[in-house]
Amino acid sequence: MNFREFLKNSIVCLDGGMGTLLQAKGLMPGEYPEKWNVSHPEAITGIHRAYFDAGSNVVATNTFGANSLKFSLEELEKIIPAAVENALEAKRTSESNGEKFVALDIGPTGRLIKPLGDLDFEAAVEAFAATVRIGAACGVDLVIVETMNDCLETKAALLAVKENSDLPVIVTNAYGADGKLMTGATPSAMVAMLEGMGADALGANCSLGPDKLRGVALELVSRASVPVVLKPNAGLPRSENGRTVFDIAPADFADEVADLVEKGVRVVGGCCGTTPEYIRELSRRIKSLAPVPVTDRDLTVVSSYTHAVTFGSSPVLIGERINPTGKKRFKQALVENDMDYILNEGASQEEKGVHVLDVNVGLPGIDEKAMLTSAVFELQTVTDLPLQIDTANFDAMEAALRIYNGKAMVNSVNGKEESMSAVFPLVKKYGGLVVALTLDESGIPSTAEGRFAIAKKILATAEKYGIAKKDIIFDTLAMTVSADSSAAGVTLSAMKMIGERLGCKTSLGVSNVSFGLPNRDAVNATFFALALENGMSAAIMNPYSPDMMRTYYTFRALKGMDENCAEYISVADSFVSAPVQKTASESPAEEFSSGLQRAVVKGMKDRAAELTGELLSHRAPLDIVNGEIIPALDRVGAGFENKTVYLPQLLMAAEAAKAAFERIKAAMSASASGKGKIVIATVKGDIHDIGKNIVKLLLENYGFDVTDLGRDVPPEAVIAAAEKTGAKLVGLSALMTTTVPAMEETIKLLHEKLPGVLVVVGGAVLTEDYAAQIGADKYARDAMETVRYAESIFG
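Everything numeric here is computed off the predicted structure, so don't read it as measured data.

(A) Up close: the sheet that holds strand β25 (residues 778-779). Within the open sheet, the five strands sit side by side as β22-β21-β23-β24-β25. Their pairing is parallel. Bordering the open sheet on either side are β22 (705-708) and β25, each of which pairs with just one other strand. Across the face of the sheet, helix α26 (residues 690-701) comes into contact with β21 (677-682), β22 and β23 (729-733) while running at roughly 160 degrees to β22. Here helix α28 (residues 740-753) sits on the sheet and contacts β23 and β24 (758-762); the angle it forms with β24, its principal contact strand, is near 170 degrees.

(B) Molecular detail of helix α11 (residues 276-286). If you check which residues of α11 are buried, you get Pro276, Tyr278, Ile279, Glu281, Leu282, Ser283 and Ile286. Residues of α11 that are buried make contact with β1 (12-13), α2 (19-24), α4 (41-54), α10 (250-262) and β10 (267-268).

(C) Geometry of the pattern of salt bridges. Enumeration according to the criterion identifies 41 salt bridges in this entry. The salt bridge involving Glu163 is made with Lys429; its shortest N-O contact spans 2.8 Å. A residue pair is termed long-range when its members are at least 10 positions apart, and Glu163 in helix α7 (residues 151-164) and Lys429 in helix α16 (residues 417-430) qualify at 266 residues. The exposure class assigned to Glu163 is partly exposed, which follows from its relative accessible area of 34%.

(D) Quick peek at the sheet that holds strand β17 (residues 433-437). With parallel pairing, the eight strands of this closed barrel are ordered in space as β13-β14-β15-β16-β17-β18-β19-β20. The mean angle between the axes of side-by-side strands here comes to 30 degrees, regardless of whether they run parallel or antiparallel. Of the strand pairs in this sheet, strand β13 (residues 316-319) and strand β20 (residues 538-541) are connected by four bridges, and their pairing is parallel. Along β20, the bridge assignment pairs Gly319 with Met541.

(E) Representation of the pairing of strand β8 (residues 237-240) within the structure. The two faces of β8 differ: Pro237 and Ser239 on one face are buried, but Arg238 and Glu240 on the other face are not. Examined bridge by bridge, β8 and strand β9 (residues 243-246) share four bridges and lie antiparallel to one another. Residue pairing across strands places Arg238 opposite Val245, the latter belonging to β9.

(F) Examining the packing of α4 against α11 more closely. Where α4 meets α11, the axes come as close as 8 Å, and the angle between the chain directions of the two elements is 20 degrees. The angle between α4 and α11 places the two elements in the roughly parallel class. Handedness of the α4/α11 crossing: right-handed. On the side of α4, the interface is formed by Ala50, Tyr51 and Ala54, while α11 contributes Pro276, Ile279, Arg280 and Ser283. Along the lines of polarity and charge, the residues of the contact of α4 with α11 split into five nonpolar, one polar and one charged.

(G) Looking closely at the packing of aromatic side chains. Under the counting rule described, the total for this entry stands at eight aromatic pairs. Taking 5.5 Å as the distance between ring centres and 40 degrees as the angle between the ring planes, the aromatic pair formed by Phe6 and Phe101 counts as tilted. Here the residue Phe6 occupies a position in helix α1 (residues 3-9), and Phe101 occupies one in strand β3 (residues 101-106), the gap between them amounting to 95 residues. The pair Phe6 / Phe101 is uniform in exposure class, with both members buried. Between the aromatic rings of Phe253 and Tyr278, the centroid separation amounts to 5.5 Å while the plane-to-plane angle is 85 degrees, which identifies the pairing as edge-to-face. Of this pair, Phe253 sits in helix α10 while Tyr278 sits in helix α11; the two residues are 25 residues apart in sequence, bridging distant segments of the chain. Tyr278 sits in the buried class, given a relative accessible area of 8%. Within the aromatic cluster, the residues linked to one another by ring pairs are Phe3, Phe6 and Phe101. Across from the ring centre of Tyr32, 4.5 Å away, lies the NZ or CZ of Lys70, which sits over that ring.

(H) Molecular detail of the side chain of Asn701. When you line up the elements, Asn701 lands in helix α26. One polar contact links the side chain of Asn701 to the main-chain amide nitrogen of Lys658, over a distance of 3.4 Å. Setting aside residues no more than four positions away along its own chain, Asn701 makes contact with Ile630, Leu633, Ala654, Glu655, Ala657, Lys658 and Phe661.

(I) The layout of surface pockets, seen in detail. If you add up the space inside the second largest pocket, you get close to 1,100 Å³. For the second largest pocket, the lining is made up of 44 residues, of which Glu320, Asn323, Thr325, Ser511 and Asn512 are closest to its centre. At the level of secondary structure, the elements contributing two or more residues to the lining of the second largest pocket comprise α12 (328-335), α13 (339-352), β16 (409-414), α19 (520-533) and β20. Element by element, the count of residues in the lining of the second largest pocket is highest for β16, at four residues.

(J) Here's a closer look at the environment of Ile170. With respect to the helices and strands, the residue Ile170 is situated in strand β5 (residues 169-173). In the structure, Ile170 is positioned 32 residues away from Leu202 in sequence and 5.7 Å away in space, judged by C-alpha atoms. Those residues in contact with Ile170 that lie beyond four places of it in its chain are Phe3, Leu142, Val143, Ile144, Val145, Ala201, Val229 and Val267.

(K) Inspection of the environment of Lys675 at higher detail. Structurally, Lys675 is set in the loop between α25 (647-666) and β21. Along the primary structure Lys675 and Thr275 are separated by 400 residues, whereas in three dimensions their C-alpha atoms are 47 Å apart. Apart from the residues within four sequence positions on either side, Lys675 is in contact with Tyr702, Gly703, Phe704, Glu791 and Phe794. At 2.9 Å, the side chain of Lys675 and the backbone oxygen of Tyr702 are in polar contact.

(L) Just the nonpolar core, in detail. With 221 residues, the main nonpolar core has Val145, Ile286, Phe424, Ile472, Phe474, Phe528 and Ile629 as its most contacted residues. Filtering out sequence-adjacent residues up to four positions away, Phe528 remains in contact with Leu317, Val510, Met536, Ala539, Met548, Thr551 and Tyr552. Membership of the second largest hydrophobic core comes to 29 residues, among which are Val730, Leu754, Val761 and Val765.

(M) Focus on the packing of helix α9 (residues 214-223) against α10. For the pair α9 and α10, interaxial distance at closest approach is 10 Å and the crossing angle is 20 degrees. Taken together, the axis directions place α9 and α10 in an arrangement best described as roughly parallel. Regarding α9 and α10, the two cross each other, and that crossing is right-handed. On α10, the residues touching Arg214, Ala217 and Leu218 of α9 are Glu256, Asp259 and Leu260. A class-by-class count of the residues in the contact of α9 with α10 yields three nonpolar, no polar and three charged.

(N) Focus on unusual backbone geometry. Of note, the bond from Lys114 into Pro115 is cis; its omega dihedral lies within 30 degrees of zero at 10 degrees. A cis geometry characterises the amide bond from Asn411 onward to Ser412, with omega recorded as 25 degrees. Looking at the element boundaries, Ser412 is found in strand β16. Although it is not a glycine, Asn564 sits at a positive phi angle of roughly 60 degrees. The residue Asn564 is located in the loop between α20 (546-558) and α21 (566-572) in this model.

(O) Broad picture of α13. Counted at 1.5 Å a residue, the expected span for α13 with its 14 residues is 20 Å, and the 20 Å between its end C-alpha atoms agrees. Of all 14 residues making up α13, 13 are buried, and the element is well covered by its neighbours. Backbone geometry just after α13 places Gly353 at a positive phi near 110 degrees.

(P) Region of interest: the pairing of strand β6 (residues 201-205). With five of five residues buried, β6 lies mostly within the body of the structure. Burial along β6 is two-sided: the residues Ala201, Gly203 and Asn205 and Leu202 and Ala204 are all buried. Of the strand pairs in this sheet, β5 and β6 are connected by four bridges, and their pairing is parallel. Bridging across to β6, Ile170 finds its partner in Ala201. In terms of handedness, the path from β5 via helix α8 (residues 187-197) over to β6 forms a crossover that is right-handed. In the sheet, β6 pairs with strand β7 (residues 228-231) via four bridges, with the strands oriented parallel. By the bridge assignment for β7, Gly203 is matched with Val229. Between β6 and its parallel partner β7, the chain crosses via α9, and the hand of that crossover is right-handed.

Here is what the cut-offs are and how they apply
- In this numbering scheme, every chain counts its residues from 1 along its sequence in written order.
- For a predicted model such as this one, the threshold for reporting local features is a pLDDT of at least 70, and the threshold for listing and counting side-chain atom pairs is 80 or more; totals across whole chains, interfaces and linings nevertheless cover every residue.
- Side-chain descriptors were evaluated using all non-hydrogen atoms of the structure, hydrogens and water having been removed beforehand.
- Pairing between strands is defined by DSSP: at least two bridges between the two strands are required.
- Secondary structure elements are defined from DSSP: runs of H or I of at least 4 residues count as helices, runs of E of at least 2 residues count as strands, and each element is numbered from the N terminus.
- Whether two residues touch is decided by their heavy atoms; if any such pair falls within 4.5 Å, the residues are in contact.
- All axes are obtained by fitting lines to C-alpha atoms, using only the stretch in contact for helices, and the reported angles, taken between N-to-C directions, cover 0 to 180 degrees.
- Partly exposed residues are those whose accessible area sits between 20% and 50% of the maximum for their type, while under 20% is buried and over 50% is exposed, using a 1.4 Å probe and protein chains only.
- Here a salt bridge means any side-chain nitrogen of Lys or Arg lying within 4 Å of a carboxyl oxygen belonging to Asp or Glu.
- For classification purposes, an angle smaller than 35 degrees is called roughly parallel, one larger than 145 roughly antiparallel, one from 65 to 115 roughly perpendicular, and anything else oblique.
- Two helices that cross are described as forming a left-handed crossing if the nearer one is turned anticlockwise from the farther one by less than a right angle, and a right-handed crossing if clockwise.
- Gly counts as polar in this scheme, as do all residues outside two lists: the nonpolar Ala, Val, Leu, Ile, Met, Phe, Trp, Tyr, Cys and Pro, and the charged Asp, Glu, Lys and Arg.
- Any Phe, Tyr or Trp ring, taking Trp's six-membered ring, that has another such ring centre within 6.5 Å forms a pair; planes under 30 degrees apart are called stacked, those over 60 apart edge-to-face, and the others tilted.
- Distance and angle both matter: a charge sits over a ring if NZ of Lys or CZ of Arg is within 6 Å of the ring centre and within 35 degrees of the ring normal.
- For the purposes of these results, a polar contact is taken to be a pair of N or O atoms within 3.5 Å, where, inside protein, one atom must be able to donate a hydrogen and its partner to accept one; residues adjacent in sequence count only when each atom of the pair is a side-chain atom.
- Whether a set of points on the 1 Å grid over the protein atoms alone is a cavity depends on a 1.4 Å probe fitting there but being unable to get out, while an open set qualifies as a pocket with protein on both sides within 12 Å along at least five of seven lines; lining residues are those with an atom within 4 Å of a point.
- Grid points are joined across faces, edges and corners, and a volume is the space filled by probe spheres set on the points.
- Throughout this description, the term nonpolar core refers to a set of buried Ala, Val, Leu, Ile, Met, Phe, Trp, Tyr and Cys residues connected via side-chain atoms within 4.5 Å.
- Helix span, expected: 1.5 Å multiplied by one less than the number of residues in the helix.
- Orienting the strands away from the viewer, one traces the path from the first strand over the helix to the second; a clockwise path indicates a right-handed crossover.

Below, the structure is given as structure tokens:
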């Protein structure tokens, strides 16, 4: 039986942790676990065999960190085949009679992908691809991509698997206590992207125990149309006699996980702190349970890197303003490559309340492929709204879809064979909700029945490509009523037929109906209301139009979509005699005291630098720092601490502040830094420096002088740097349980050699109690808490 067949009708039991077991067998602090595949094959095989014997159907190879960013290709060609052979040997020699499979295990690179970090997206894809190519050739049954805490890196890994093998793939992410990834993605957002790209199963692993991941698991089950995976930790870690131990016993762990199996989870196992005993208890508990059938949730959804937008329960607004049609200033921005203008349009429409942004940069004479990919990349640095990639250029469409962080809308496909054969393979590969125009080689039918017939043809063709109707949203084409008085009626009738007879969602470019007429806003708003009453799911519209927004909010209130009319009441005053806004303003709906503060908060670094330069002509540099930049950073920081702002927005704001600071520093005789000196490092043996880099960026923006020692730093180097710089504070980071002993050793040495120096620690495997047990002076949950602690020390 192959794994896909087994997955279809079974509850699958995975294995448990590897790191803590290797520590028990002698893995030294800072030693790479992957190298044990070659140097200690019997130990690795013994652990795998113990899991098989305990009831695991799948064991994952000891290759969590085996990628080309950590090892050379020559090293990987020794490590990965040895790892696979160790697991296969365990499979051959196990006493278990159950189904047994070997999975190639892939963990994160430990680096953030641009724009949040310095790693190119394609470099990440290739790093994972090298591992997949070697592992697939060695005879594994499936691939497990796990412990991913960033949506875009997850996409890079899944793409690498899909492009370099035909193996089944399970993808799990590491969710925090707030139920989101480090970079802000909800479970619903990850389901949308991973299902769209064809993951065979998806879920959560690491970070927390099963009780703390319960909410995440239930959300995954409620949204996923593929099997859901859960691999929790054995609770929270602590240090005991120099060893890392966890606080949930095997029986309690098994009870918690088994209860979630009864709720619909289909693939289970353990992560940090779990051992064969945990898996034995879990296997025993789930043995008598019947698998809950996996059903199609039939959700029409798009996502960004933070959240999903679902079509159907309430109208979805798609901002139309990033489009050169009829917009002289926008055309000029495209010709001049004025990305700030485009970003300002995106940020302004978000502030006006749209849910999705249409992105169309098609203009004769420009490189549309380059411009579209640049616009999509840059827009995702200033807004977390899902994007609609709007182009008739198929090369540009693929390039933008490839780097898009989430599941995009794709505008568009139509009933022409040429269009469907080009667009549907892209949607199948990258995922997406595709807008289908009801036209074909014969043009646009003049009747509702004709457009309905094209919709049926598009659905039938999409099915051949493996694309479900939930991933198609039909546009029945609003035509101008000034040329044909029956045009609006035909559009609405076709839309209603598609919704009622085919069960599909619909969308319209509303403003097309009023071309050639005076007072177009009044016509558009009335047509918008008619379309909503006829079941329209989404509208591409102008959010700067008070008439359009008034129609949207009143419709929701009248249809019972706005409890107590709260949203309508909150915006009603803004509609009174409000003029139509033609373009984005510097300070729309959201309140900012200055354009510079808005630029920093929105992460618009070029605009922040430009505005700083203007302010320097009449304001003192430190006045700008203290009166504009720091308040903007504090605003974003407070949002991050209150979980209303997420890591990408925090980092982009920090980058914008950094750009502003560079202009400030150029105007001053001395650096603006000087609050205090801090040394930071990722401890020996750990090559994951995402958290450390975030801390560095924020500390520098708040005026601290930071010495960054990088990754895999031995204790002696930390002491030497702290002594040389005279730093009063040292920050240490660790991601893996196997490297916490190195952190403890570094703290101990620091306190011995430099007793006046304080140590702040952070990392996914740490808790406040655990940090105290290993001697740290402060545990920081996130980068902003580190900043606050530093401020408390230096005053």
